[in-house]
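Examining the three-dimensional arrangement
Each chain, letter by letter, is given below.
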Amino acid sequence: MAQNDTVTVLKLNDGSCMPAIGLGTFAPAGSAQKGDCAKAVKYAIEIGYRHFDGAFSYENEDEVGEALREKITDGTVKREDIFYTGKLWCTYLRPELVRKGLEKSLKSLQFDYIDLFIIHWPVPLQPGDDLYPKNESGELYDNVDLLATWEALEACKDAGLVKSIGVSNFNARQLGKILNKPGLKYKPVCNQVECHPYLKQEKLLEFCKSNDIVLVAYCPIGSSRHPNWTDQSTPVVLMDPQLSSIAEKYSRTVAQIALRYLLQRGIAVIPKSFNFGRIKENFQVFDFTLAEEDMNLINNIPIKTRYINMFTNYPDCPFLDEY
């Protein structure tokens, strides 16, 4: 196949650059042993990954930080070569708690700054030490103006604690509120959302591109299908017959076809795996190009499904809107 012309780095609207493919580090409870994440991160660095996606709520940022620092200390990479994405958890969305949430991640990572820090969900939860605390009345959700949260994030950027700021799991309406905020200092550089051949996000992608915001795809090859948030009857991306046929044509895996499809649409991808073989396979997507006819075949796959269904009872759940 022809050599591709897809960029391996995406320019953000604040001038920073994001590697187009990163390693996701989320592991559902019980799915990984202590140390598996660190081993995966170190191996990924050795084969060329420079973008790593983590979060306070994953409860393994200490492992990720340890692995990154080890590869910096041994001279494999410099800190400035690494692009780390962290996420502000929902219990820290009150503006006076934003910096505290950020500093918890910095402490776990033992970093002076985070390259990209994003609001994990547009869903404020009651403050507390647990990930899902409830107040005295048994209420899970908090009442927070996310525009005030955004101002606090802007202050963290001005303080040099983060290089770039963005959002995750926002729909176009919620993102538009930030973009239209009076006195906005910094636009979100990205919106990280679930995106794969069964959830193509065409309209949200168009909205983000029109506002110079990069769409970042989590679950780009489908999901680990955790029963807490995934309907077990939903179809599996990696078993799709159309994708399998295209993979055979290019002598590639279905995962590589799914990732390549997103990259050619200008979407960054953060596939998660702690399996060395799959980590390497997922990175080998820049030496081929999907023909337009094959892109269209994937565009026309009729299945539409969302694997990550969280906070669906929140009144302003982002998934209630069309996009």
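Residues numbered from 1 in each chain as written. Predicted model: local features only at pLDDT ≥ 70, side-chain atom pairs only at ≥ 80, totals over all residues. Heavy atoms only, no water.

1. Here we look at the overall build of the protein chain
- Scanning the protein chain from terminus to terminus reveals 10 helices and 10 strands.
- Taking as baseline every contact in the protein chain between residues at least 6 positions apart, the subset at least 24 positions apart corresponds to 75%.
- Approximately 14200 Å² of the protein chain is accessible, and the part contributed by carbon and sulfur atoms is 47%.
- Taken together, the 36 basic and 42 acidic charged side chains of the protein chain have centroids lying 2 Å from each other. (Helix = DSSP H or I, 4+ residues; strand = E, 2+ residues; numbered from the N terminus. Contact = heavy atoms within 4.5 Å. Areas by Shrake-Rupley, 256 points an atom, 1.4 Å probe, with all protein chains shown as cover. Lys, Arg positive; Asp, Glu negative; His and termini not counted. Charge placed at Lys NZ, Arg CZ, Asp CG, Glu CD.)

2. Regarding the pairing of strand E5 (residues 83-88)
- With six of its six residues buried, E5 lies for the most part within the structure.
- Residues of E5 alternate between two faces, with Phe83, Thr85 and Lys87 on one and Tyr84, Gly86 and Leu88 on the opposite face, all of them buried.
- As paired strands, strand E4 (residues 51-53) and E5 are joined by three bridges and run parallel to one another. Its bridge partner lying in E5, Phe52 is registered against Tyr84. (Buried < 20%, exposed > 50% of the residue type's maximum accessible area, 1.4 Å probe, protein only. Pairing = 2+ DSSP bridges.)

3. Describing the nonpolar core
- In terms of nonpolar packing, the biggest core is built from 107 residues, with Val41, Phe52, Leu68, Trp121, Ile257, Leu290 and Phe311 touching the most fellow members.
- Residue contributions to this core peak at eight residues, all from helix H8 (residues 254-263).
- With residues near it in sequence (within four places) discarded, Leu290 still touches Ile246, Tyr250, Ile257, Arg260, Tyr261, Gln264, Met295 and Ile298. (Core = buried A, V, L, I, M, F, W, Y, C linked by side-chain atoms within 4.5 Å.)

4. Points about the pattern of salt bridges
- Per the stated rule, a full pass over the model turns up 18 salt bridges.
- Two residues, Lys42 and Glu70, come together in a salt bridge whose shortest N-O distance is 3.3 Å. Note that Lys42 is positioned in helix H1 (residues 36-47) and Glu70 in helix H2 (residues 61-73), a separation of 28 residues in sequence.
- Notably, a salt bridge pairs Asp158 with Lys185, separated by 2.7 Å at the nearest N-O pair. (Salt bridge = Lys/Arg side-chain N within 4 Å of Asp/Glu carboxyl O.)

5. Observations regarding the sheet that holds strand E3 (residues 23-24)
- Taken together, eight strands build an open sheet; the order of strands is E3-E4-E5-E6-E7-E8-E9-E10 and the sheet is parallel. The two strands at the open ends of the sheet, each matched to only one other strand, are E3 and strand E10 (268-269).
- Note: strand E9 (residues 214-218) against E10, two bridges, orientation parallel. Bridge pairing in E10 places Ala217 opposite Val269.
- Together, E5, strand E6 (114-119) and strand E7 (162-168) form the strand contacts of helix H4 (residues 146-158), whose direction differs from that of E7 by roughly 160 degrees. (Axes fitted to C-alpha atoms, helices over the stretch in contact; angles between N-to-C directions.)

6. What to know about the environment of Lys163
- Mapped onto the elements, Lys163 comes out in strand E7.
- In sequence terms Lys163 and Phe117 are 46 residues apart; their C-alpha atoms lie 8.0 Å from each other.
- Other than its neighbours up to four places away in sequence, Lys163 contacts Asp14, Tyr113, Ile114, Asp115 and Lys157.

7. With respect to the packing of H2 against helix H3 (residues 95-109)
- At a minimum axis distance of 7 Å, the contact between H2 and H3 shows a crossing angle of 50 degrees. It follows from the interaxial angle that H2 and H3 lie oblique. The segment H2 lies against H3, with Glu61, Asp62, Val64, Gly65 and Arg69 engaging Ser105, Ser108 and Leu109.
- Classifying every residue of the contact of H2 with H3 gives two nonpolar, three polar and three charged. (Parallel < 35°, antiparallel > 145°, perpendicular 65-115°, else oblique. Nonpolar A, V, L, I, M, F, W, Y, C, P; charged D, E, K, R; others polar.)

So, to be careful, I would describe these as geometric facts and stop short of saying anything about function.
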